[in-house]
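What follows is the residue order along each chain.
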Amino acid sequence: MFASLAGVLFDGFAYGMLLFLLSVGLTVTLGMMNFVNLAHCSFAMVGGYATVTLVNRFGWPFLASLPVAFLMGSLVSVVLERTLYRRLYRASDLDQCLLTIGIAFVSVAAFAWLYSTEQQSASVPAWLRGSVQVAGMSFAAYRLFLIVVGLATTAILIVSLERTRFGARVRAAVDNQRMARGLGIDVERTFMITFALGGGLAGLGGALAINVVGLDPTFALAYLVYVLIVVAVGGLGSIGGSFAAAVVLGISDMAGKYYFPWLGAFLIYLVMVALLMWRPLGLFGKR
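This report concerns the structure included in the present document. Keep in mind it's a predicted model, so treat the numbers as computed, not measured.

About the criteria used
- Residues numbered from 1 in each chain as written.
- Predicted model: local features only at pLDDT ≥ 70, side-chain atom pairs only at ≥ 80, totals over all residues.
- Heavy atoms only, no water.
- Helix = DSSP H or I, 4+ residues; strand = E, 2+ residues; numbered from the N terminus.
- Polar contact = N/O pair within 3.5 Å; in protein donor to acceptor, adjacent residues only side chain to side chain.
- Axes fitted to C-alpha atoms, helices over the stretch in contact; angles between N-to-C directions.
- Parallel < 35°, antiparallel > 145°, perpendicular 65-115°, else oblique.
- Left-handed = near helix turned anticlockwise from the far one by under 90°.
- Contact = heavy atoms within 4.5 Å.
- Nonpolar A, V, L, I, M, F, W, Y, C, P; charged D, E, K, R; others polar.
- Phe/Tyr/Trp six-rings, centres within 6.5 Å; stacked < 30°, edge-to-face > 60°.
- Buried < 20%, exposed > 50% of the residue type's maximum accessible area, 1.4 Å probe, protein only.
- Core = buried A, V, L, I, M, F, W, Y, C linked by side-chain atoms within 4.5 Å.
- Disulfide = S-S within 2.5 Å.
- Salt bridge = Lys/Arg side-chain N within 4 Å of Asp/Glu carboxyl O.

## Re the side chain of threonine 27
Checked against the element boundaries, threonine 27 lands in helix α1 (residues 2-33). Polar side-chain contacts of threonine 27 include one of 2.6 Å to the side chain of serine 242.

This is how it looks when you write it as structure tokens:
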């Protein structure tokens, strides 16, 4: 029983790290910039298909494709931010939702046309396909890799966005653009960099998700719900909150599927409702 519990906790934590990587970019753009970007998982899909293309068609090593996935997600997000999103920063939430969900549907159709509707895969190095033995228990090496990447990303983001001048500039630009410009802050450039960071993290998450949940053109819509749940439960603008929410929801989802299979994936919604009833602003939400 102890072995099964440890396995569920490990797999749930690894799945939580994947949810965190997929959602943390939306935490940045929605929580810090107040922009409702329902096309966020489309950026993840861009990164995932970039990895599939490089690994399967050009023979790139999986790890070498991950920075490209980040860059492709960043590039697409910057293009959309410069051409479409910047026009809606002061628009209503409904306008932002309509535009971005439209982009998500367009991305689904585009990738279905380019790559068909089949599930995609990308081979990983041999050392990521095996398992690691700890105290007589076996843990998947790829899930350990996910945990390491998730923890490293969390530390970097907390330091860079909450403890540096750049993070302060982003918050100042969101709160009062005119005052920020008066202080010499380049608001347009700050917003562009923030969107590039959010899109790049989504692209990285999409690439890492291939060998855990698969990849097909419906990814942009199928995982949008999970991403929004993590952001809502964690609290707007809180990196630590998104991390905690992703871990709790990942473990809950995995435990539900293992111990309560008749509930299926429904348990994660019950946990979400319970947490939001206890903390309506999210675990670490301030507004």
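## Some details on the packing of helix α11 (residues 224-234) against helix α12 (residues 239-259)
Viewed as axis vectors pointing N to C, α11 and α12 meet at an angle of 120 degrees, and their least axial separation amounts to 8 Å. Here α11 lies oblique to α12, going by the angle between them. Seen from above, α11 lies across α12 with right-handed handedness. Along its contact with α11, which presents Ile229, Val230, Val233 and Gly234, the element α12 presents Gly241, Ser242, Ala245, Ala246 and Leu249. Classifying every residue of the contact of α11 with α12 gives six nonpolar, three polar and no charged.

## With respect to the packing of aromatic side chains
For the structure on display, the rule yields 18 aromatic pairs. Aromatic pair tyrosine 85 and phenylalanine 195: ring centres 5.3 Å apart, planes at 50 degrees, arrangement tilted. Taken as a pair, tyrosine 85 in the loop between α3 (62-83) and α4 (93-115) and phenylalanine 195 in helix α9 (residues 187-213) lie far apart in primary sequence, 110 residues in all. For tyrosine 85, a relative accessible area of 0% corresponds to the buried category. Assessed through its relative accessible area of 1%, phenylalanine 195 is described here as buried.

## Notes on the nonpolar core
With 87 residues, the main nonpolar core has Tyr85, Tyr142, Leu208, Phe219 and Val233 as its most contacted residues. Among the elements that line this core, the one with the most residues is α1, at 15 residues. In this structure tyrosine 85 touches Phe35, Asn37, Ala39, Phe43, Leu80, Leu99, Thr100, Ile103 and Phe195, once residues within four positions along its chain are discounted.

## A word on α11
α11 sits mainly inside the fold: eight of its 11 residues count as buried. One or two steps after α11, the chain reaches glycine 235, where phi turns positive at roughly 105 degrees.

## Points about the state of the cysteines
As enumerated under the stated definition, the model contains zero disulfides in all. With no disulfide partner, cysteine 97 has as its closest neighbouring cysteine sulfur the one in cysteine 41, 14 Å distant. Judged by relative accessible area, cysteine 97 falls into the partly exposed class, the value being 24%.

## Some thoughts on unusual backbone geometry
The backbone of serine 116 sits at a positive phi, close to 70 degrees, despite the residue not being glycine. Within the secondary structure, serine 116 sits in the loop between α4 and α5 (126-129). On the basis of relative accessible area, serine 116 is assigned to the partly exposed category, the value being 30%.

## A few points about the packing of helix α2 (residues 40-57) against α3
It is at 8 Å that the axes of α2 and α3 come closest, and there the two elements cross at 140 degrees. In terms of orientation, α2 and α3 fall into the oblique class. The hand of the α2/α3 crossing is right-handed. Between α2 and α3, the residues in contact are Phe43, Val46, Gly47, Ala50, Thr51, Leu54 and Val55 and Phe62, Ser65, Val68, Ala69, Met72, Gly73, Val76, Ser77 and Leu80, respectively. Of the residues assigned to the contact of α2 with α3, the class counts are 11 nonpolar, five polar and no charged.

## What to know about the pattern of salt bridges
Scanning the model with the defined rule gives three salt bridges in all. Aspartate 11 is the partner of arginine 143 in a salt bridge, and the nearest nitrogen-oxygen pair spans 3.8 Å. Here arginine 143, found in helix α6 (residues 141-162), pairs with aspartate 11, found in helix α1; they are 132 residues apart in sequence, far enough to count as distant. You can call arginine 143 partly exposed: its relative accessible area is 21%. The salt bridge partner of arginine 82 is glutamate 81, with a shortest N-O separation of 2.6 Å. According to the relative accessible area criterion, arginine 82 is partly exposed, its value standing at 24%.

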